[in-house]
Amino acid sequence: MTAAIMPTTSIISGGSRGLGLAVVERLLERGDCVATFSRSGSPALSSLAARHPERLHVEQIDAADSDAVRAFVSRAAARFGRVDHCIANAAVAHEGVVATIRDDEIDAMLGVNLRGSIVLVRECVRQMLVRPDGAESGQEPARAGSPSVVVVSSVVASRGSPGLAVYAATKAGLEGFARSMARELGPRGIRVNAVAPGFLETDLSASLSEGSRARIVRRTPLGRLGVPADVVGAIEFLAGPRAAFITGQILTIDGGSAG
Ligand SMILES: NC(=O)c1ccc[n+]([C@@H]2O[C@H](COP(=O)([O-])OP(=O)(O)OC[C@H]3O[C@@H](n4cnc5c(N)ncnc54)[C@H](OP(=O)(O)O)[C@@H]3O)[C@@H](O)[C@H]2O)c1
């Protein structure tokens, strides 16, 4: 009797809306099993869960709660039998100049964007290092179908932005984490990359003033703000077999405004 082939499993934080929701949808379309969490649900995610009851695992937990994240990853791995790709996407942004930013706002950004992403990646990598047959993965070179991590950064990590210094610091920290993890995990066959989007039309950027919006559009050669669909393809590519020899990279997706 031949063993059942388990579908690729992807874990992504913050799948209830915005970019995360769009990635969940795309990964389900390509046939993955997907596990995602956020603090609250959303009608769009519930409707995806109703359409894909066998392949979509949804929980409501806080990315800043390490024990909850650890338990979530282990339940997802037990349900689907493996973890192939981890996408650290959940983030919060509190705008404000450093002179007035509050401790709780700093803690929230560090706790979700940086610490929460690191804990999620650690838990997923622990699962990836154990092959589905239960053996520990050895010195395997990266190959088609190899496991991967994608962290979602932002162009402000490298460019800076007034009013977003702490948020930018969390994203710059994530990029350093991704580069180091790529070196650490390459010999174990696990790739680690980051995407760095420019401003996207989502809830996270809803507080952007009309003036800032117009300024961003003016300095963007492609002449508009991004939307989640502009970034989804890059994440799908990095978390897939066509990127089998790509690791340690930060892929900027900003309509050319970094120019
Ligand atoms: N929008 C932009 O302009 C922009 C630009 C560059 C990079 N990015 C990055 O792209 C990623 C996605 O952003 P987005 O624009 O899609 O944001 P969004 O629309 O605000 O969605 C954020 C997602 O993360 C979840 N989340 C937030 N805090 C959480 C927590 N403590 N625990 C669990 N889940 C949490 C949210 O659900 P709950 O609130 O229900 O928990 C939601 O599902 C982020 O990493 C962001 O930094 C965004």
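Cut-offs applied
Residues numbered from 1 in each chain as written. Predicted model: local features only at pLDDT ≥ 70, side-chain atom pairs only at ≥ 80, totals over all residues. Heavy atoms only, no water. Helix = DSSP H or I, 4+ residues; strand = E, 2+ residues; numbered from the N terminus. Buried < 20%, exposed > 50% of the residue type's maximum accessible area, 1.4 Å probe, protein only. Contact = heavy atoms within 4.5 Å. Lys, Arg positive; Asp, Glu negative; His and termini not counted. Charge placed at Lys NZ, Arg CZ, Asp CG, Glu CD. Near = heavy atom within 4 Å. Polar contact = N/O pair within 3.5 Å; in protein donor to acceptor, adjacent residues only side chain to side chain. Areas by Shrake-Rupley, 256 points an atom, 1.4 Å probe, with all protein chains shown as cover. 1 Å grid on protein atoms, 1.4 Å probe; cavity = no way out; pocket = protein on both sides within 12 Å on 5 of 7 lines; lining within 4 Å. Sits in = over half its atoms within 2 Å of the grid points. Nonpolar A, V, L, I, M, F, W, Y, C, P; charged D, E, K, R; others polar. Core = buried A, V, L, I, M, F, W, Y, C linked by side-chain atoms within 4.5 Å. Pairing = 2+ DSSP bridges. Axes fitted to C-alpha atoms, helices over the stretch in contact; angles between N-to-C directions. Points joined across faces, edges and corners; volume = space filled by probe spheres on them. Phe/Tyr/Trp six-rings, centres within 6.5 Å; stacked < 30°, edge-to-face > 60°. Parallel < 35°, antiparallel > 145°, perpendicular 65-115°, else oblique. Left-handed = near helix turned anticlockwise from the far one by under 90°.

I'd like a description of the overall build of the protein chain, backed by residues and values.
The helix and strand tally for the protein chain stands at eight helices and seven strands. For the protein chain, the spread of C-alpha atoms along the principal axes amounts to about 65 × 35 × 35 Å. Burial analysis of the protein chain (259 residues in total) assigns 49% to the buried set. Sequence-distant contacts, at least 24 apart, represent 71% of the contacts inside the protein chain between residues at least 6 apart. Between the mean site of the 28 positive side-chain charges and the mean site of the 26 negative ones, the protein chain shows a separation of 4 Å.

Any chance you could break down the site of the ligand for me, citing the residues and the numbers?
For the ligand, the set of nearby residues contains 31 residues, the closest of which are Ser-16, Arg-17, Asn-89, Tyr-167 and Thr-202. Asn-89 is positioned with one of its backbone polar atoms (N or O) 2.6 Å from an oxygen atom of the ligand. Summarising the interface, the protein chains cover 97% of the accessible area of the ligand, which totals 880 Å² for the free molecule. Comparing atom positions with the cavity grids shows the ligand to sit within the largest pocket. Of all the secondary-structure elements, those providing two or more residues to the shell around the ligand are α1 (18-29), β2 (33-38) and α6 (165-185). Considering only residue class, the shell around the ligand consists of 14 nonpolar, twelve polar and five charged.

Could you give an account of the nonpolar core, naming the residues involved and the relevant values?
By size, the foremost hydrophobic cluster in this structure holds 43 residues, and its most contacted members are Ile-11, Leu-120, Val-121 and Val-125. Broken down by secondary-structure element, the contributors of at least two residues to this core are β2, α3 (66-80), β4 (85-88), α4 (103-128), β5 (148-152), α6 and β6 (191-197). Ranked by the residues each element gives to this core, the list is headed by α6, at nine residues. Look past the residues within four positions of Val-121 in its chain and what remains in contact with it is Cys-86, Ala-88, Val-149, Val-151, Phe-177 and Met-181.

Can you lay out the sheet that holds strand β7 (residues 250-253) for me, pointing to particular residues and giving the numbers?
With respect to topology, seven strands assemble into an open sheet ordered β3-β2-β1-β4-β5-β6-β7, the strand pairing being parallel. In this open sheet, the two strands that pair with only one neighbour each are β3 (56-60) and β7. With direction set aside, neighbouring strand axes in the sheet form an average angle of 15°. Where strand β1 (residues 9-13) meets β4, three bridges bridge the pair, whose relative direction is parallel. Its bridge partner being in β4, Ser-10 is matched across the sheet by His-85. In the packing of α6 onto the sheet, contacts are made with β5, β6 and β7, and the angle to β6 comes to roughly 155°.

Describe empty space enclosed by the protein, with residues and values.
This model, assessed by the stated rule, comprises one cavity of 30 Å³ or more. There is about 40 Å³ of room inside the largest cavity. Per element, the largest residue contribution to the lining of the largest cavity is four residues, and it comes from α4. Class assignment for the residues of the lining of the largest cavity results in six nonpolar, three polar and no charged.

Help me get a handle on the packing of aromatic side chains, residues and values and all.
One pass over the full model with this rule turns up one aromatic pair. Here the aromatic rings of Phe-37 and Phe-72 are separated by 4.9 Å at their centres, their planes lie at 70°, and the arrangement is edge-to-face. Of the two residues, Phe-37 is situated in strand β2 and Phe-72 in helix α3; the sequence distance between them amounts to 35 residues. On the basis of relative accessibility, which here comes to 0%, the residue Phe-72 falls in the buried class.

Requested: an account of the packing of α1 against helix α8 (residues 228-238), with residues and values cited.
Taken N-terminus to C-terminus, the directions of α1 and α8 make an angle of 50°; their axes are 9 Å apart at the nearest point. One finds that α1 runs oblique with respect to α8. Crossing of α1 against α8: the hand is right-handed. In contact with Gly-18, Leu-19, Ala-22, Val-23, Arg-26 and Leu-27 of α1, α8 contributes Pro-228, Val-231, Val-232, Gly-233, Ile-235 and Glu-236. Of the residues in the contact of α1 with α8, the class split is eight nonpolar, two polar and two charged.

By themselves, these observations are geometric and do not establish any function.
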